[in-house]
Amino acid sequence: MTAPLLEVRNLRVEFPTRRGTLVAIDDVSFDIAPGEVLGVVGESGAGKSITGAAIIGLLEPPGRIAGGEIRLNGRRIDDLDPAGMRRVRGKEIGAIFQDPLTSLNPLYTVGRQIVETVRTHLDLTESQARTRAIDLLKSTGIPAAEQRIDHYPHQFSGGMRQRVVIALALAAEPRLIVADEPTTALDVSIQAQIIALIKRLCREHGTAVMLVTHDMGVIAETADRVAVMYAGRIAEIGPVADVIHRPRHPYTVGLMGSIPSVGEHRERLAQIDGAMPRLNAIPKGCAFNPRCPKVFATCRERRPDLMPAGTSLAACWLHDASVAKEAA
């Protein structure tokens, strides 16, 4: 087995408020190996983006990491000071965000922004950095890169801007990329190109990718494994084909049932009744129990940890033989 590049252990993220402390991420653990794409899915508010922000050290104040560890290549990074984290961010961890316009400075050419990033992290001259910037733009599929390098962000289409952001994320040859909804703002044909680009980067450079999205189609096409999040915790994690076709957690079953199938005719799609709980109203026991069709007494009293469920791990009492007898 390859040693994991990223190790997240018992991560806890809190947001202190005047009315108390809100726990946004509660005891989340996972690994990502070199060259692997881990998809992270769930409803809005599940904690996907906050988990990514915690890894790259960009939590919005007053958010803070209150517990657990984040290790990159065996080195702990969650306790670094801001200057130390800036050295890691960009050089060892790259980031791709949902809206490329918020990632690019509209006042500078894309070439200047990439060159500046390259020179910050790599020992290259101005001309060497410019050559690398052109090569990066070419590798991400931008035509006439020698001319486009001197254009401003507004002169690129949405899909091309996202390619520039990917080139920027790759500028210092990071080992890990955190991609937060990288294809959401793009049309379907451009989505497919960006997905193919991310897969190629993993294959050719051994880059590990944490892909945050709510689009199961993107996950099915891109990820090796998938983690399903609910109310700040991982409900299920496992190989992507198994989680999609043989989900083990009732929440994952509901998510998969809500996706239309091309070859199947149904009068209406399945739906999960209710809504995700607010951070200040997480129910006792399993957070999904008010919405779960298979709930039983233990679910309302005790919170399950991830446990073996086929080839996956699921935080559900149905997979604990001694407890599941109640549900029978």
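Our subject is the structure listed above.
These lines cover the structure that appears in this document, whether it is placed above or below. A quick note: this is a predicted structure, and the numbers were derived from the prediction, not measured.

**Looking at the pattern of salt bridges**
Under the criterion given, the structure shown has 23 salt bridges. One salt bridge in this structure joins E14 and R64, with 3.0 Å as the shortest N-O distance. On the criterion of sequence distance, the pair formed by E14 in strand β1 (residues 6-17) and R64 in strand β4 (residues 64-72) is long-range, its members being 50 residues apart. The buried category is assigned to E14, whose relative accessible area is 10%. Residue R64 is classed as partly exposed on the basis of its relative accessible area, which comes to 39%. A salt bridge links R71 to E69; the shortest N-O distance between them is 3.0 Å. The structure contains a network of salt bridges with shared partners spanning R12, E14, D26, R64 and R303.

**Remarks on unusual backbone geometry**
With an omega dihedral of 5 degrees, the bond running from P61 to P62 counts as a cis peptide bond. A positive phi angle, near 50 degrees, is found at N10, a position not held by glycine. Inspection of the secondary structure puts N10 in strand β1. Even without being glycine, E181 reaches a positive phi, approximately 50 degrees. One can find E181 in the loop between β7 (176-180) and α8 (188-205).

**Digging into the packing of aromatic side chains**
One pass over the full model with this rule turns up 3 aromatic pairs. An angle of 85 degrees between the planes, with centres 5.2 Å apart, marks the rings of Y230 and F288 as edge-to-face. Within this pair, whereas Y230 is found in strand β9 (residues 225-230), its partner F288 is found in the loop between α11 (250-257) and α12 (297-301), the two being separated by 58 residues in sequence. The buried category is assigned to F288, whose relative accessible area is 3%. Between Y251 and F288, the ring centres sit 5.3 Å apart and the planes meet at 65 degrees, which makes this aromatic pair edge-to-face. Linking Y251 in helix α11 with F288 in the loop between α11 and α12, this pair joins segments that are 37 residues apart in sequence.

**Focus on the nonpolar core**
Residues L6, F30, I55, I93, I114 and L176 are the most contacted members of the largest nonpolar core, which totals 92 residues. Among the elements that make up this core, the one with the highest residue count is α8 (7 residues). Residue contacts for I55: discarding those within four places in its chain leaves L6, V8, F30, I70, I77, M85, I93, L176, V178 and M210. Within the second largest apolar cluster, 5 residues are counted, among which are F296, C299, M307 and W317.

Rules behind the numbers
- Residues numbered from 1 in each chain as written.
- Predicted model: local features only at pLDDT ≥ 70, side-chain atom pairs only at ≥ 80, totals over all residues.
- Heavy atoms only, no water.
- Salt bridge = Lys/Arg side-chain N within 4 Å of Asp/Glu carboxyl O.
- Helix = DSSP H or I, 4+ residues; strand = E, 2+ residues; numbered from the N terminus.
- Buried < 20%, exposed > 50% of the residue type's maximum accessible area, 1.4 Å probe, protein only.
- Phe/Tyr/Trp six-rings, centres within 6.5 Å; stacked < 30°, edge-to-face > 60°.
- Core = buried A, V, L, I, M, F, W, Y, C linked by side-chain atoms within 4.5 Å.
- Contact = heavy atoms within 4.5 Å.

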